[in-house]
Structure formats: structure tokens, C-alpha cells
Number of protein chains: 2
Amino acid sequence: MLLAGVDVGGTNIGVGLVGDDHQVHHRAKEDTPTSVDALVAQVSRMVRSLDGTPEAVGIGIPGIIHDDRVVQAPNLEGWTAETDVAAQLSADLGVPVSLVNDAQCGLVGEWVAGAGQGSDFLFGVWLGTGVGAGMVLDGKGYDGANGGSGEFGHLVVRPGGARCGCGRRGCIEAYAGRRMMTESARALAAAGRKTSLFEHQEERGKAKATSGVWAAALAEGDRVVTEILDEAVAALGIGVANVCNLLDVDRVVVGGGMAGKLGQPFADRIAAAARPHAVRKMADSMVVVAGLGDDSGVVGAAEIARGRLG
Amino acid sequence: MLLAGVDVGGTNIGVGLVGDDHQVHHRAKEDTPTSVDALVAQVSRMVRSLDGTPEAVGIGIPGIIHDDRVVQAPNLEGWTAETDVAAQLSADLGVPVSLVNDAQCGLVGEWVAGAGQGSDFLFGVWLGTGVGAGMVLDGKGYDGANGGSGEFGHLVVRPGGARCGCGRRGCIEAYAGRRMMTESARALAAAGRKTSLFEHQEERGKAKATSGVWAAALAEGDRVVTEILDEAVAALGIGVANVCNLLDVDRVVVGGGMAGKLGQPFADRIAAAARPHAVRKMADSMVVVAGLGDDSGVVGAAEIARGRLG
């Protein structure tokens, strides 16, 4: 059976054809358009362009989704609860279309074909512009009473601490979301600290400090970015320990751009930061970096669509 | 159908006969013996003394349980993974016996017949000597990969903060567990602050400052206990908000001795403390005090035993 997975990000849309082997056989990637109508047309065209006809389509987007409808998608312009993208695309393509949170898609992809294989109590932390999370609990994808679970980025780990993009203080994302980390670097640079982060950004011709830009500045030992990453690791450690304490998961997958660039040593640092706060012993291999790279979201979206076919 | 529920605490054992109406029809209460063998004999006798023959028995104990075996029960002497109480009792009584964490029993009781009715995404905080928790996620009791979920008392909400009984710092239990709260009061008294807590304890002839003792000192506006309770409420608020952010539950039940004595106004205070840290709006009636009082554990244990009969 062939399924299509669609990974909608703020910058790009990735589409892939996924087979019974849970691998991506054919793929397409394009810029994300600004209007929702344009996006529906574009995703429809991209899916049709694939080398095979899928029996169902799954779409992952950065936002809160409930029953295939958007509850909140602050990073996608024009997406509201009234925008029924799944129904529009389903009418267009003639197959069932599922709409799901992108971090949940990423984790399901890793569960089925990546670093989460074999675990039925799995937590996934997705580190990108913000900090998202997905969960597989008792062998089943979990998304809460109203699709709003997995707000790991907004767990408060330092009450009264750094201001987060959400307006509150001390959230994990205030320390470990790339957008907030870049703001911290900018503030420190403005205060006279020397950092090469923005030179790397300029050199690479990027509109923002991407994970690659961060990795480059870290690799040369830049003090400011090193300190900011230390704070991020500390915050992620408290968060991961709290998730283990609360949910007794047996594996934590760390994915997203930052994890992709920094790899398993970064996951190991998060585990080391978590251990002192964990009430139970954490196994050595408990925190692992995602194995499918950019494909996890596409594979997961396709697999969720497959699961819904019954 | 009749079931028996057994609630084993550090001080008392409560046993009840529960019918299809989820109510306790007949009950017995005795002191908890010190040895495990004596406990098995005593529970067996207490169950036989009930006014009816149960088709299954559920036992809740304060500890980590996995597959009906004790993983850890620091508050019960002599209970280890080798102590197969469920099998011993089952052989003795001739019916299936389930062993479950007591906070999980309490929450299931509230879910079936108390303040949690109608919710399928339910979190229960049990405030007693320590701080325990139970979960019903997606309509099913949840206990994690190895029975260790629900360590809400050991969520770290103030990194580097107060020392907890578990040896770590900043756990919720360090602020909101009655044993730690009493230690704080003792330390403040030793440092010269005036408190009536220990006078109330003596007056009532209690070996420790029970929830009733605390409630009495709070009722007369004792400054020391009021300050300690304020800290407890603040810590519980951060924890409850984090649970809502992570799990998107739609109701939180607060039970246990302290909640029983302080009632819904206490639950309202926890909700008010949680709101500033919650990423989604929390409904007015989201945090509710347990409705079954001392019966929740017995009813929940019986209902878990019923569920296992298939």
C-alpha cells in the first residue's frame, strides 16, 4: 500500500510517498506559500506529482490540531479552526486526509521506522524554531483531550525565569527554542559580548540563525553560543527528567534541526543534565537522537494516515 | 457482582465490599501490621469478614507496582519485588487479586464514582504524607512502561530549591508533602518562629502532625503554617500547570488527607496558582476536590479488580 506524508513547515513543504516498508520512495520539496488556499492547491499538486497514487494522505503542521481541524497554528498565517484543509484536500485528491501536529508526526515516524522502534512508551522532543513534542503512550499516539498535549516547550522549569515567546516566564522554549536562543545571543551581542553567530549567518546568506549557523558557531567554540546552549541543555534536562518522572516512558527521542546538526553527543548531554532530577535511574541509552532526519515527519504523517484507514 | 477493594496505608488498612453501583456496601478498618506475612493473613481475614463474597480483590499500596509485583514501597516495611502478596492472597481467597499503586486506585475510584466521572483525560493528585498521583489517559488507567508513572511529587519545579525526602532538590513533595511541610514547620520553630502546629498535635494526642492537625492550625491563622501552605500551593500550581501543558487533561482531581480537610477552596487555590503557568486557558471547574473521601482508594481498587476480570 502507498501512503503520502506531507510535512508543512514555516519555510518548506516536504511531501513523500511511503510504502509498506515505512521508507520514503519518492519525494518533493517546495517553499511554503503564504495563503492557505495556495497551500491546498500546492500540496494537492505535489502529491499528484509523486511516482505512485497514495491510498491516504497525512499532513503534519506546526500547531494544535483536534479531530483534523486546526485549533491554533501561530506560525502559519491564515490557518484557523474554520480552515478545513483536510476536507478540502480530501475532496481534491479523492482519498482520506488526516491533519496532525508535526512533532507528533515526527515521533510516530521515529516509532515506526527510526530511533523509537520497539518502544511503546516513547517521548519525542522536537527542537527547531520552537520546542515541540510528541508522545506514544501504551503503544498508541497520544494527543490529549483536545489535541493540545505535548506542549513540552512550555513546561515551566524555571519559575520567574527567562521570558518566553508565549509571554510567560521560565518555559523550556525560552532557553531551548532556536528563536529565543538567537534573541539571547543578539541581546548579549548588543550588551558588548563578542559572538560569531551573526557572521556565520551572513556568510551563509541566511535570513535567520538556522541550526546549521548555530552548529558552525558552536564548532569553533564561540563563548556566547556555548553558554546559551549550556542553558538550553540544562532546561531540557529538567524537562526530560520531569517527563520520565511523570510518565515512566522508556525512551526519549530528540529530533528537529538542532538535534540533527548536533547528533547523539547532544542527546547524551541532555540525558546527563536530566539524571540528577530523575527519581528513577535512567538507562544509558534512554535519550537518543532521531534516526530519520528530515524524513521522520513525512513518514510519521503517512503512517498516521495508514493507521486511520483501519 | 461483588468486588473487594483494599486500601493499605502506612497506618491503617481499609477493606470494602463494592457492588455494581460502585458504592461501598460493607467495610472494615484495622491497623496496618508491621510484617508482610501478618498483613496477608490480616487482609485475608478482613475480606472474609465482609458481608458477601467478592469475585475478585484489588489492593492499593503506596509504592511502585508493575504486573502486580512491588517494585518499590519505601513506606511499607519488608515489601520487595520477591513479596508476591497478590499471589499469596489469591491462593488464600481463591479469587483473582490485583496489586496497584494507591494513588492510581484513588483516581480510578473518583473516575468511576466520584469527582472524575465523565472525564477520559483525568489527572489525580493525592496529598498525604507524600504526594502521589494517578492518571486516566484516553479512557484508560495509565501506569507507564514499568509501573512507575505518576511521580508528580518528584517533578522538579524549583531547580536547586528545597531538599526533598528523596535526596534531590526542588521536588513538589519538598513543598507539598505533609511530612516535609511538618519538617519545615519544625525547622522554623527551632529557629524561633512561633507556631501552634505542635500544640494542636499534642492536644489531639497524635504521633505526627496529621492533616487534621494542619487544618486546625491553619483555621486559627497560624502564620508559620500559613506560609508553608502558601509555598505548597505555589509548587502544586506549577506542577498542575505543567501536567496540563504536557498532557492536555480536562480535569484534575485533588485528593488525600490534606485535600479532604481543606476542601474545594484548597483546589481553587491550586487552580489559581496554576493559571499563570498554563499555556492554554484552564476552565474554571478544572481542578476539583475528590468526592469519595476515604472511600476512593477502596472503590478504585475494587474497580481495577473488576476491570481485570475482563
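**Q** Explain the overall build of chain A to me, and be specific about the residues and the numbers.
**A** Each helix and strand counted, chain A has ten helices and twelve strands in total. The C-alpha radius of gyration computed for chain A amounts to 19 Å, which stays within 12% of the reference 19 Å derived for 310 residues, consistent with globular compactness. Expressed along its principal axes, the backbone C-alpha trace of chain A runs to roughly 55 × 45 × 35 Å. Going through the 310 residues of chain A one by one, you find that 57% of them count as buried. Pairs at least 24 residues apart make up 62% of the contacts formed inside chain A by residues separated by at least 6 positions. Summing over all exposed atoms, chain A offers an accessible surface of approximately 12,200 Å²; the carbon and sulfur share of this is 48%.

**Q** With reference to specific residues and values, describe the relation of the copies chain B and chain A.
**A** Rotating chain B by 180° and translating it 0.0 Å along the rotation axis places it on chain A, where the RMSD comes to 0.0 Å. Put plainly, the chains are arranged around a two-fold axis. It is V157 of chain B whose C-alpha, among those of chain B, lies nearest the rotation axis, at 3.0 Å. Residue by residue, 100% of the interface of chain B is reproduced at the interface of chain A, so both copies engage with the same surface.

**Q** If you had to explain the domain arrangement of chain A to someone new, which residues and values would you point to?
**A** All names here are of chain A. Per the domain assignment, the segments making up chain A are domain 1 (3-108 + 294-308) and domain 2 (118-289). Using C-alpha coordinates to define each centre, domain 1 is positioned 25 Å away from domain 2. Between domain 1 and domain 2, the residue contacts involve twelve residues of the former and 20 residues of the latter. In this assembly, domain 1 packs against domain 2 so that about 970 Å² is buried in total across both faces, 56% of it on carbon and sulfur atoms. The interface formed by domain 1 and domain 2 holds two residue pairs in polar contact (both at pLDDT 80 or more) in total. The set of elements that each furnish at least two residues to the side of domain 1 that touches domain 2 consists of β5 (64-66) and α3 (102-113). Per element, the largest residue contribution to the side of domain 1 that touches domain 2 is four residues, and it comes from α3. Residues that form the side of domain 1 that touches domain 2 fall into these classes: five nonpolar, seven polar and no charged.

**Q** An account of the interface of chain B and chain A is needed here, citing residue identities and associated values.
**A** Listed by partner, the interface residues are 39 residues for chain B and 39 residues for chain A. When chain B packs against chain A, close to 3,000 Å² is buried across both sides, 60% of that on carbon and sulfur atoms. It is Y142, L246 and D248 of chain B that lose the most area in chain B upon contact with chain A, and together they represent 21% of the buried surface on that side. Here chain B and chain A share two salt bridges between them. The interface formed by chain B and chain A contains 24 residue pairs in polar contact (both at pLDDT 80 or more). Of the residues in the side of chain B that touches chain A, the class split is 20 nonpolar, ten polar and nine charged.

**Q** Give a detailed account of the sheet that holds strand β8 (residues 122-127) of chain A, specifying residues and quantitative values.
**A** Residues and elements named next belong to chain A. Within the open sheet, the five strands sit side by side as β10-β9-β8-β11-β12. Their pairing is mixed. With one partner strand each, in any of the chains shown, β10 (140-141) and β12 (287-289) form the two edges of the open sheet. Where β8 lies against strand β11 (residues 251-255), five bridges are found, and the strand directions are parallel. What sits directly across from W126, in β11, is G255. On top of the sheet, helix α9 (residues 257-274) reaches β8, β11 and β12; it is set at about 160° to β12, its chief contact.

**Q** If you had to explain helix α2 (residues 85-93) of chain B to someone new, which residues and values would you point to?
**A** Residue and element names in this part refer to chain B. Three or more residues of α2 are buried, namely V85, A86, L89 and L93. Looking down the long axis of α2, one finds its buried residues gathered within 95° of arc, a one-sided arrangement. Those residues of α2 hidden inside the fold are in contact with α1 (36-48), β4 (57-61) and β7 (97-101). Just beyond α2, the residue with positive phi is G94, at close to 75°.

**Q** Please give an account of the side chain of E303 of chain A that cites residues and values.
**A** Residues and elements named next belong to chain A. When you line up the elements, E303 lands in helix α10 (residues 295-308). Assessed through its relative accessible area of 9%, E303 is described here as buried. Separated by 2.7 Å, the side chains of E303 and H22 make a polar contact. A polar contact of 2.8 Å, which involves the side chain of E303, links it to the side chain of R306.

**Q** Could you give an account of the pattern of salt bridges, with specific residues and numbers?
**A** The final tally for this structure, using the stated rule, is 20 salt bridges over all chains. Here R27 of chain A ties to D295 of chain A by a salt bridge, and the two come within 2.4 Å at their closest N and O atoms. Taken together, the residues span a long stretch of sequence, with R27 of chain A in strand β3 (residues 24-31) and D295 of chain A in helix α10 at a distance of 268 residues. A salt bridge links R280 of chain B to D248 of chain B; its shortest N-O distance comes to 3.8 Å. Taken together, the positions of R280 of chain B in the loop between α9 (257-274) and β12 (287-289) and D248 of chain B in the loop between α8 (223-247) and β11 (251-255) put the pair 32 residues apart, joining distant regions of the chain. Look at R280 of chain B and you get partly exposed, because its relative accessible area is 22%. What you see here is one network of salt bridges that share partners, running through D20, E303 and R306 of chain A.

**Q** Could you give an account of the pairing of strand β6 (residues 69-72) of chain B, naming the residues involved and the relevant values?
**A** The sheet contact formed by strand β5 (residues 64-66) of chain B and β6 of chain B spans three bridges and is antiparallel. Looking across to β6 of chain B, one finds that I65 of chain B is bridged to V70 of chain B.

**Q** Go over the side chain of D248 of chain A, please, and point to the residues and values.
**A** Owing to a relative accessible area of 4%, D248 of chain A belongs among the buried residues under this scheme. Filtering out sequence-adjacent residues up to four positions away, D248 of chain A remains in contact with F121, V243 and R280 of chain A together with Y142, D143, G144, A145, N146, G147, G148 and S149 of chain B.

**Q** So what's going on with the packing of helix α5 (residues 178-190) of chain A against helix α8 (residues 223-247) of chain A? Which residues, and what values?
**A** Helix-helix packing: each pair is described by the crossing angle between the helix axes and the interaxial distance. Residue and element names in this part refer to chain A. The N-to-C vectors of α5 and α8 enclose an angle of 140°; their axes lie 10 Å apart at closest approach. Between α5 and α8, the angle falls in the class oblique. Like other packed secondary-structure pairs, α5 and α8 cross with a definite hand, here right-handed. Between α5 and α8, the residues in contact are M181, S184, A185 and L188 and V224, I228, L229 and A232, respectively. The residue inventory of the contact of α5 with α8, partitioned by class, reads seven nonpolar, one polar and no charged.

Quick notes on the rules
Residues numbered from 1 in each chain as written. Chains lettered and ligands numbered in written order. Predicted model: local features only at pLDDT ≥ 70, side-chain atom pairs only at ≥ 80, totals over all residues. Heavy atoms only, no water. Helix = DSSP H or I, 4+ residues; strand = E, 2+ residues; numbered from the N terminus. Rg over C-alpha atoms; globule rule 2.2 N^0.38 Å. Buried < 20%, exposed > 50% of the residue type's maximum accessible area, 1.4 Å probe, protein only. Contact = heavy atoms within 4.5 Å. Areas by Shrake-Rupley, 256 points an atom, 1.4 Å probe, with all protein chains shown as cover. Least-squares fit on C-alpha atoms with pLDDT ≥ 70 in both. Domains from an automatic or database assignment. Buried area = accessible area lost by both parts, 1.4 Å probe. Polar contact = N/O pair within 3.5 Å; in protein donor to acceptor, adjacent residues only side chain to side chain. Nonpolar A, V, L, I, M, F, W, Y, C, P; charged D, E, K, R; others polar. Salt bridge = Lys/Arg side-chain N within 4 Å of Asp/Glu carboxyl O. Pairing = 2+ DSSP bridges. Axes fitted to C-alpha atoms, helices over the stretch in contact; angles between N-to-C directions. Arc of directions from axis to C-beta. Parallel < 35°, antiparallel > 145°, perpendicular 65-115°, else oblique. Left-handed = near helix turned anticlockwise from the far one by under 90°.

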